[in-house]
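# Chain and residue survey
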Amino acid sequence: MRTDEITRTITTFPGMPGAALKLLALIDDPDVTVQQIEGVLRQDPGLTGNLLKLANSAYFGFPAKVGSVRQAVVLLGLKRLVQMVIATCTSAVMDRAVPGYDLPGGELWRHSLAVSVAAEGLVRELRLEGADEIFTAALLHDVGKLILGRFVQADYAQIERALAQGLPFETAEAIALGTNHAEIGAEVLTNWSLPARIVNAVRWHHSPEKSATPDIVLDVVHVANLLCRMIGIGMGRDGLHQQPSPEVTRRLGVTSPHLEKVASQTLQWANELSAALAG
Amino acid sequence: MNHTVMVGDMKIGVDGDMVVTHALGSCLGLVVFDPAVKVGGLLHAMLPLSSINPEKARANPAMFVDTGVPLLFNALYEKGAVKSRLVVKAAGCGNPMGKNEVFKIGERNYTVLKKLLWKNNILLEAEDVGGMVSRTIHFDVSSGQVVLSSGGVKQPL
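An account of the accompanying structure is given in this report. (Residues numbered from 1 in each chain as written. Chains lettered and ligands numbered in written order. Predicted model: local features only at pLDDT ≥ 70, side-chain atom pairs only at ≥ 80, totals over all residues. Heavy atoms only, no water.)

### Looking at the overall build of chain B
On a plain count of helices and strands, chain B comes out with three helices and 10 strands. Mapped in sequence order, the helices and strands of chain B form the string β-β-β-β-β-α-α-β-α-β-β-β-β. Its C-alpha atoms give chain B a radius of gyration of 14 Å, within 12% of the compact-globule value 15 Å for 157 residues. Considered along the principal axes of its C-alpha atoms, chain B spans approximately 45 × 35 × 25 Å. The proportion of buried residues among the 157 residues of chain B is 57%. Of the roughly 6800 Å² that chain B leaves accessible, carbon and sulfur atoms contribute 55%. Across chain B, the 16 positively charged side chains and the 13 negatively charged ones have centroids separated by 4 Å. (Helix = DSSP H or I, 4+ residues; strand = E, 2+ residues; numbered from the N terminus. Rg over C-alpha atoms; globule rule 2.2 N^0.38 Å. Buried < 20%, exposed > 50% of the residue type's maximum accessible area, 1.4 Å probe, protein only. Areas by Shrake-Rupley, 256 points an atom, 1.4 Å probe, with all protein chains shown as cover. Lys, Arg positive; Asp, Glu negative; His and termini not counted. Charge placed at Lys NZ, Arg CZ, Asp CG, Glu CD.)

Dropping the structure here:
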């Protein structure tokens with residue numbers, strides 16, 4: 001087992017930048033003011049620029065130009081703003097090529113954005129309430145692949161044997177490596193001090209029925225991830241070796257027209273968001 | 001010249017061209033070739049029926065099998081292809097594991113294709129569909145040769 005070596009790699013993985021952490025801490029403060037948020041962002045002018053670009057993107061579709069952090073907070077809301085800060089801060093690390101999974105440079109990031117917008121599309125299509133954390137959970141669900149990739153590469157023969165027996169990819173990972181990319185991703189996000197609900201969704205995104213508590217954020221990430229892979233976004237060597245959970249399909253009441261409707265819009269949404277996050 | 005066909009896209013090639021599409025999961029990859037005039041096309045359609053999003057279908061008919069397949073054939077006829085000479089090959093239409101019907105978009109893509117071809121008296125010369133793998137199509141319009149690659153393994157279709 002390579003578990004010790006993998007655990008050591010998690011500890012050397014890049015941390016979440018300070019501005020994102022400070023904003024995350026503010027989100028739970030009911031008395032937080034726009035001035036406080038402006039104060040955090042002022043320390044990072046590049047971040048402010050990126051945020052305004054995002055706020056003005058076609059994906060959010062505000063008719064008037066968003067010209068200041070203050071306006072962005074008012075129009076987007078603090079939760080949305082923090083999601084955008086996290087997206088801005090993680091794009092560089094998630095843009096890398098991922099060996100092992102055969103994802104060329106940019107593909108993991110493209111997949112992450114696509115799953116985020118597909119997940120938000122599903123939340124709207126299914127009229128789900130209380131799924132505020134969906135964007136970030138979806139965006140970061142595969143972050144563990146960045147760590148596990150080279151270990152998957154090294155032990156691929158064993159993974160392939162497990163796949164040939166009809167096992168899902170994440171089970172094959174666990175047989176070969178003693179862990180899988182979902183579990184590793186959850187460890188990274190725990191280190192980044194992300195909320196428990198997001199960590200939980202990432203940890204169980206391939207096996208949602210194993211989560212101690214059922215959660216729609218987890219369920220929607222599970223479905224959106226599969227959907228994006230099916231339409232070829234971020235599908236590497238692991239192909240479609242994953243099983244949709246019948247339990248989740250039932251819980252969400254998701255049908256094929258829901259999936260197909262969201263799929264038909266996902267590429268456009270992802271491109272709009274991606275254009276706003278580029279350079 | 002090399003053409004890359006994105007998801008929900010179609011490209012026509014002539015003698016000397018290579019037409020490629022990557023990462024076919026549930027999507028349909030359809031190759032149609034006229035060997036006499038050496039013109040061919042490749043469609044990468046995502047979803048079975050345009051009725052799920054008519055607005056999208058008007059803007060982008062190649063996204064759906066029911067609007068994309070006629071689009072491909074008509075584009076080839078305009079380039080001088082003749083129906084009786086056409087060689088038609090299909091790949092993709094995969095599905096995730098398990099029996100969950102909700103997720104069988106690949107199967108539905110294939111069913112709609114077969115219905116369309118049957119109605120128009122067109123036979124599939126070759127196919128590699130279903131399963132859980134990601135497929136890439138390389139279509140050489142000079143020779144009509146179609147090569148599929150999947151998990152690092154290449155084979156002619």
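### Considerations on the overall build of chain A
A tally of regular secondary structure across chain A gives 16 helices and zero strands. Expected size for 279 residues packed as a compact globule is a radius of gyration near 19 Å; at 18 Å, chain A falls within 12% of this value. Along the first, second and third principal axes, the C-alpha atoms of chain A reach 55 × 45 × 35 Å. A buried classification covers 59% of the 279 residues belonging to chain A. Within chain A, contacts between residues separated by at least 24 positions form 69% of all contacts whose residues are at least 6 apart in sequence. Of the accessible surface of chain A, which amounts to about 10900 Å², a share of 52% is contributed by carbon and sulfur atoms. Across chain A, the mean location of the 24 positive side-chain charges is 3 Å away from that of the 29 negative side-chain charges. (Contact = heavy atoms within 4.5 Å.)

### Remarks on the pattern of salt bridges
One side chain can pair with another of opposite charge once the charged atoms of both are near each other. Residue and element names in this part refer to chain A. If you walk through the whole model with that rule in mind, you get 18 salt bridges over all chains. Across the salt bridge formed by aspartate 142 and lysine 145, the nearest N and O atoms sit 3.5 Å from each other. Put simply, arginine 197 and aspartate 215 hold a salt bridge, and the shortest N to O gap is 2.8 Å. Remark: aspartate 215 occurs in the loop between α13 (196-203) and α14 (216-230) and arginine 197 occurs in helix α13; sequence separation between them is 18 residues. The exposure class of aspartate 215 is buried, given its relative accessible area of 12%. By sharing partners, the salt bridges in this structure join Asp142, Lys145, Arg229 and Asp238 into a single network. (Salt bridge = Lys/Arg side-chain N within 4 Å of Asp/Glu carboxyl O.)

### Observations concerning the layout of surface pockets
Roughly 1000 Å³ of volume is contained in the largest pocket. Lining of the largest pocket is provided by 42 residues; of these, A:Met235, A:Gly236, B:Ala23, B:Ser134 and B:Thr136 occupy positions nearest its centre. Mapped onto the lining of the largest pocket, the elements with two or more residues apiece are α7 (107-125), α10 (156-164) and α16 (256-277) of chain A together with β1 (2-5), β3 (18-24) and β9 (146-150) of chain B. Counting residues per element, the lining of the largest pocket draws most heavily on α16(A), which supplies five residues. Of the residues belonging to the lining of the largest pocket, the class tally is 15 nonpolar, 21 polar and six charged. (1 Å grid on protein atoms, 1.4 Å probe; cavity = no way out; pocket = protein on both sides within 12 Å on 5 of 7 lines; lining within 4 Å. Points joined across faces, edges and corners; volume = space filled by probe spheres on them. Nonpolar A, V, L, I, M, F, W, Y, C, P; charged D, E, K, R; others polar.)

### Focus on the interface of chain B and chain A
Opposite the 26 residues of chain B that make contact, chain A presents 32 residues. Buried surface at the junction of chain B and chain A, both sides included, amounts to about 2400 Å², of which 69% is carbon and sulfur. Three residues stand out in chain B for area buried against chain A, namely B:Ile52, B:Met97 and B:Phe103, and they jointly supply 28% of the buried area on that side. At the boundary of chain B and chain A, one finds one salt bridge. Between A:Glu260 and B:Arg108 there is a salt bridge, and its shortest N-O distance comes to 2.9 Å. Summed over the shared surface of chain B and chain A, the result is seven residue pairs in polar contact (both at pLDDT 80 or more). Elements that contribute at least two residues to the side of chain B that touches chain A include exactly β3 and α3 (105-119) of chain B. (Buried area = accessible area lost by both parts, 1.4 Å probe. Polar contact = N/O pair within 3.5 Å; in protein donor to acceptor, adjacent residues only side chain to side chain.)

### Re the packing of helix α9 (residues 145-154) of chain A against helix α11 (residues 169-177) of chain A
Residues and elements named next belong to chain A. Axis separation between α9 and α11 bottoms out at 11 Å; the angle between their running directions is 70 degrees. For the element pair α9 / α11, the angle class is roughly perpendicular. Residues Leu148, Phe151 and Val152 of α9 form the contact with α11, whose participating residues are Phe169, Glu173 and Leu177. Residue classes in the contact of α9 with α11 are distributed as five nonpolar, no polar and one charged. (Axes fitted to C-alpha atoms, helices over the stretch in contact; angles between N-to-C directions. Parallel < 35°, antiparallel > 145°, perpendicular 65-115°, else oblique.)

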